[in-house]
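# Structural overview
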Amino acid sequence: MSGDPLPAWTTRGPVQAEVFALRMHEGTVELAGPCGADPWYVEVGEDEDPLEVVSRLARNLMGEPLLVHSTSWRRARGSVILSFVLVNRDDQAPELLGTPIARADLARNAATSAAATISYQQVLEHGLRHLAWLVEDDEVVRSTLGGEWKAVLAHYVPEPFRHLS
Amino acid sequence: MSEESDTVDLIVRCDCGFEARGEEAELVPLVQEHGRDAHNMEVTRDQVLAMARPA
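No experiment lies behind these values; they were computed from the predicted model shown.

The partner chain B presents 19 residues to the 20 residues of chain A that form the contact. Summing both sides of the interface, chain A and chain B together bury roughly 1700 Å²; the carbon and sulfur share of this comes to 63%. The interface formed by chain A and chain B contains 1 salt bridge. With a closest N to O distance of 3.9 Å, Asp15(B) and Arg77(A) form a salt bridge. In this structure, the connection of chain A to chain B is made through 8 residue pairs in polar contact (both at pLDDT 80 or more). Going through the elements one at a time, β1 (8-9), β4 (40-43) and α1 (50-62) of chain A are the ones with two or more residues in the side of chain A that touches chain B. A per-class count over the side of chain A that touches chain B returns 13 nonpolar, 3 polar and 4 charged. Across 2 bridges, β1(A) lies against strand β1 (residues 10-14) of chain B in parallel orientation. Pairing of Trp9(A) across the sheet is with Cys14(B), part of β1(B).

Below is the structure:
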């Protein structure tokens, strides 16, 4: 019927992967995945490894990523959302539009107040803080990321994997 | 109803911004392919048609 809004079909299931596909462009980190300037959601089957699923889909759609790491989890979208940062090469998947990312404050709950809605920008902020942690803590990450990445991550306070609430 | 009702163009939109349009026979596999390749989703024909609207 002409007046009815077109419903958007979306991912579901008890576990979903939320992927921030990142790329460096002229010294700035861009979000440049299959869903453009938005996080990319992937269903994870009950017998599937989330990291394997994300890596496989990314490889098939954009080519082999440089790095894939889970950074946090939370309840949202009716699911457990496991968030990932995925780093592609600077020249990878040029057909995908890149949007520069901005810094965000990480809202932390007070002891007696209810959890506020967490924006994906805050999840991504934490994701990059965790990447800053990994650059210091993980030899593979340190050797994989180039100088431009390390220069950007130097501005992020390192944080471990977290449950965001 | 005219014969055109069997060949009406349909449209499906994914939350990620992907849109597919066409007759049922071409739309369903397009949407299923997108679901599988982009979101690791297995979508049945009925599920596709439940989300579809006339273009």
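Next comes the rest of the description.
Moving on, we come to the pairing of strand β2 (residues 15-25) of chain A. All names here are of chain A. Among the 11 residues in β2, 9 count as buried, and that is most of the element. Taken together, the 8 bridges between β2 and strand β6 (residues 79-87) define a ladder with parallel strand orientation. Residue Val19 lies in a different strand from β6, and its bridge partner there is Phe84. Pairing of β2 with β4 involves 4 bridges; the strand directions are antiparallel. From the neighbouring strand, Val19 faces β4, where its bridge partner is Trp40.

Basis of the calculations
- Residues numbered from 1 in each chain as written.
- Chains lettered and ligands numbered in written order.
- Predicted model: local features only at pLDDT ≥ 70, side-chain atom pairs only at ≥ 80, totals over all residues.
- Heavy atoms only, no water.
- Contact = heavy atoms within 4.5 Å.
- Buried area = accessible area lost by both parts, 1.4 Å probe.
- Salt bridge = Lys/Arg side-chain N within 4 Å of Asp/Glu carboxyl O.
- Polar contact = N/O pair within 3.5 Å; in protein donor to acceptor, adjacent residues only side chain to side chain.
- Helix = DSSP H or I, 4+ residues; strand = E, 2+ residues; numbered from the N terminus.
- Nonpolar A, V, L, I, M, F, W, Y, C, P; charged D, E, K, R; others polar.
- Pairing = 2+ DSSP bridges.
- Buried < 20%, exposed > 50% of the residue type's maximum accessible area, 1.4 Å probe, protein only.

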